[in-house]
Amino acid sequence: MDSVSVFTDFQFSDLGFLAEAAGRTLLISVLAISIGTVLGCVFGWVLSATRLAGDATLGVILDIFRSVPLIIQLILFYNFFPIIGFNVSPFVAGTIVLIFYTSALVAAVARGGIDAVSINLRRASRSLGMTYWQDLRYVVWPVGLRAVLPSWAGVALGVLKDSALVSVLGYVELLRASQILITRTQEPFLILTVVGAFYFALSFPISRITARLERRWQYD
Amino acid sequence: MIEIEGVRKSFGKLEVLKGIDLAVDKGEVISIIGASGSGKSTMLYCINALEPIDSGRIVVDGVDVHAGDTDVNKLRRNIGMVFQQWNSFPHLTTLENVALAPRIVLGKSRQESTEIARKQLDHVGLADKFDVYPSRMSGGQQQRLAIARALAMEPSYMLFDEVTSALDPELVGEVLDTLRLLSEEGMTMLVVTHEIGFARDVSDRVAYFHEGVIEELGPPAQVIENSTSEQTRRFLANVR
Ligand SMILES: Nc1ncnc2c1ncn2[C@@H]1O[C@H](COP(=O)(O)OP(=O)(O)OP(=O)(O)O)[C@@H](O)[C@H]1O
Ligand SMILES: [Mg+2]
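Definitions and limits used
Residues numbered from 1 in each chain as written. Chains lettered and ligands numbered in written order. Predicted model: local features only at pLDDT ≥ 70, side-chain atom pairs only at ≥ 80, totals over all residues. Heavy atoms only, no water. Near = heavy atom within 4 Å. Polar contact = N/O pair within 3.5 Å; in protein donor to acceptor, adjacent residues only side chain to side chain. Areas by Shrake-Rupley, 256 points an atom, 1.4 Å probe, with all protein chains shown as cover. Contact = heavy atoms within 4.5 Å. Buried area = accessible area lost by both parts, 1.4 Å probe. Salt bridge = Lys/Arg side-chain N within 4 Å of Asp/Glu carboxyl O. Helix = DSSP H or I, 4+ residues; strand = E, 2+ residues; numbered from the N terminus. Buried < 20%, exposed > 50% of the residue type's maximum accessible area, 1.4 Å probe, protein only. Pairing = 2+ DSSP bridges. Axes fitted to C-alpha atoms, helices over the stretch in contact; angles between N-to-C directions. Core = buried A, V, L, I, M, F, W, Y, C linked by side-chain atoms within 4.5 Å. Patch = residues over 30% accessible without salt bridge, like charges linked within 9 Å, V, L, I, M, F, W, Y side chains within 5 Å. Lys, Arg positive; Asp, Glu negative; His and termini not counted. Charge placed at Lys NZ, Arg CZ, Asp CG, Glu CD.

A. Seen up close, the site of ligand 1. Residues and elements named next belong to chain B. For ligand 1, the set of nearby residues contains 13 residues, the closest of which are Ser 36, Gly 37, Lys 40, Ser 41 and Thr 42. Within the side chain of Ser 36, one N or O atom sits 2.5 Å away from an oxygen atom of ligand 1. The backbone of Gly 37 places a nitrogen or oxygen atom 2.8 Å from an oxygen atom of ligand 1. Look at ligand 1: alone it shows 640 Å² of surface, and the protein chains cover 59% of it.

This is how it looks when you write it as structure tokens:
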């Protein structure tokens, strides 16, 4: 059977199609990274403040999010909603799962950041009359943030790439779009190169900004 | 004045303070000496409520430090503390290190708190280091920064916990000189120290801690030069 006729060459308009898909990858990643980071910081603070009790409760839940492969979480969660009578779009389901996945990863980082600030330094700020929250805001946050910024950047870059897995739900982000185009044009090399360039363009600001902050924060 | 009455404190099974009584008058300098583990640091932490006590009372200017309704954050403004580790805020310049608490705790304006910071840094001899980050300074300079940072709150009392112990020997002098200066200015000070010479020269009274009790308390001429306690003599023979 000759099916060559259904294949068409890569066209300029396909670039627009990919750009739109890149926009979706960007959207879902920005949502997951921003909300997930805020949640993760709160979780990290709870873990650090409650120690053993936190490890035994919240810590276990977060470990589940961190250890079950994201693709399994996505499929389970997406199929869970119809069971309880809701229908959610792949975008909503994917975003929610990605937010919790990110928050679990960030929680570990944030906890490390808080624990990186020595008890002695915190005693010093409290001895000046700072409240618990002032110590957290003016000492623990900036000192801890500097300590874990590279780890956070690693999480953010990872989530950006992992967002490709949301394609299993049928959400047409970069990876899914590239598969569609590859099937049509039979030009995997060209398309994957273009898609790789898109991913790089999306990651570049994260690595660039964090690297710059790290340099600025070298305490001298 | 600081009144410590029958203070006891344990960490788990280990009783660290076994009934401490001590009254510190305004303007007085008391040096606290004693072996490692005798409870000296713990005593200081109890005075500004960084550690809770099990029984007894600590009253500072009429305020019961460990009473349930005491605002410890407010109390601590009046009790400066400097630690063995200088604990500079690493992300702030020296000026910002000192200006932070006056601004956020006392609510002073940015300009006013910077002015206070300038004055206090000048006071401890760091006038040429305003815009330097702590990591660029020696231990002695960072310790003087910590002193300036505490003084910026204009406390009535200063607690010093072995502030020279982590310093290279050649840097000890500059920090002790700063302490001397404060005592001459009339600051009320509790100084935990292993510098027996300093304790003898500067303090009004010396307290010798031994296993959670004050074994001996009196003027340096008595405790350091003419101790009647076998324990104190043995300790002094070892540290000298
Ligand atoms: N947070 C804590 N938890 C448990 N034990 C503690 C704690 N802090 C101090 N201790 C113990 O209490 C005892 C007294 O400690 P403290 O630091 O008051 O002694 P110190 O006289 O200051 O000694 P040093 O000269 O070594 O500083 C020590 O045995 C110490 O191990
Ligand atoms: Mg000590």
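B. How the structure looks around the interface of chain B and chain A. Taken together, the contact pairs 26 residues of chain B with 19 residues of chain A. If you sort the residues of chain B by the area they bury against chain A, Phe 89, His 91 and Ile 104 of chain B come out on top, with a joint share of 26%. For Arg 123 of chain A, the salt bridge goes to Glu 51 of chain B, with nearest N and O atoms at 2.7 Å. Linking chain B with chain A are 5 residue pairs in polar contact (both at pLDDT 80 or more). Mapped by element, the contributors of at least two residues to the side of chain B that touches chain A are helix H2 (72-77), strand E6 (79-82), helix H3 (94-104) and helix H5 (139-151) of chain B.

C. Layout of the pattern of salt bridges. All names here are of chain A. Tallied over the entire structure, the rule returns 19 salt bridges over all chains. Between Arg 24 and Glu 20 there is a salt bridge; the shortest N-O distance is 3.2 Å. In this pair, Arg 24 and Glu 20 both sit in helix H1 (residues 12-50), 4 residues apart, roughly one turn of the helix. Taking the relative accessible area as the measure of exposure, Arg 24 reaches 27% and is therefore partly exposed. According to the relative accessible area criterion, Glu 20 is partly exposed, its value standing at 49%. Because the salt bridges share partners, they merge into one network encompassing Arg 51, Asp 55, Arg 111 and Asp 115.

D. Highlighting the sheet that holds strand E3 (residues 29-34) of chain B. Residues and elements named next belong to chain B. The strand order across the open sheet built from 6 strands is E6-E7-E8-E3-E9-E10, with neighbouring strands paired in mixed fashion. Unpaired on one side and paired on the other, E6 and strand E10 (213-218) mark the two borders of the sheet. Strand-to-strand twist in this sheet, taken as the mean axis angle between neighbours without regard to direction, amounts to 15 degrees. Sheet topology places strand E7 (residues 157-161) next to strand E8 (residues 188-192); 5 bridges connect them, and they run parallel. Bridge assignment links Met 158 to a residue of E8, and that residue is Met 189. Contacting E3, strand E9 (205-210) and E10, helix H9 (residues 230-239) runs over the sheet at an angle of about 95 degrees to E9.

E. The arrangement of the pairing of strand E2 (residues 14-24) of chain B in detail. All names here are of chain B. Where strand E1 (residues 2-11) meets E2, 8 bridges bridge the pair, whose relative direction is antiparallel. Considered in E2, the bridge of Ile 4 is made with Leu 22. Counting the residues that bridge the hairpin from E1 to E2 gives 2 residues, and of these Gly 12 lies at a positive phi of roughly 60 degrees.

F. Examining the nonpolar core more closely. All names here are of chain B. Ranked by size, the top nonpolar core spans 35 residues in total, and within it Val 82, Leu 121, Ile 147, Met 158, Phe 160, Leu 179 and Met 189 carry the most contacts. Residue assignment for this core shows that the elements contributing at least two residues are H3, helix H4 (110-123), H5, E7, helix H6 (169-184), E8 and helix H7 (196-202). If we ignore the near neighbours within four places in the chain, the residues touching Phe 160 are Leu 44, Val 82, Ile 147, Leu 179, Leu 182, Met 189, Leu 190, Val 191 and Val 192. With 33 residues, the next largest nonpolar core counts Ile 2, Leu 17, Val 65 and Ile 214 among its residues.

G. Region of the structure containing a positive patch on the surface. Residues and elements named next belong to chain A. Among the surface-exposed residues, Arg 208, Arg 212, Arg 215 and Arg 216 lie close enough to one another that they form a single positively charged patch. Tracing the chain through its elements places Arg 215 in helix H9 (residues 188-216). Using a relative accessible area of 54% as the deciding quantity, one classes Arg 215 as exposed.

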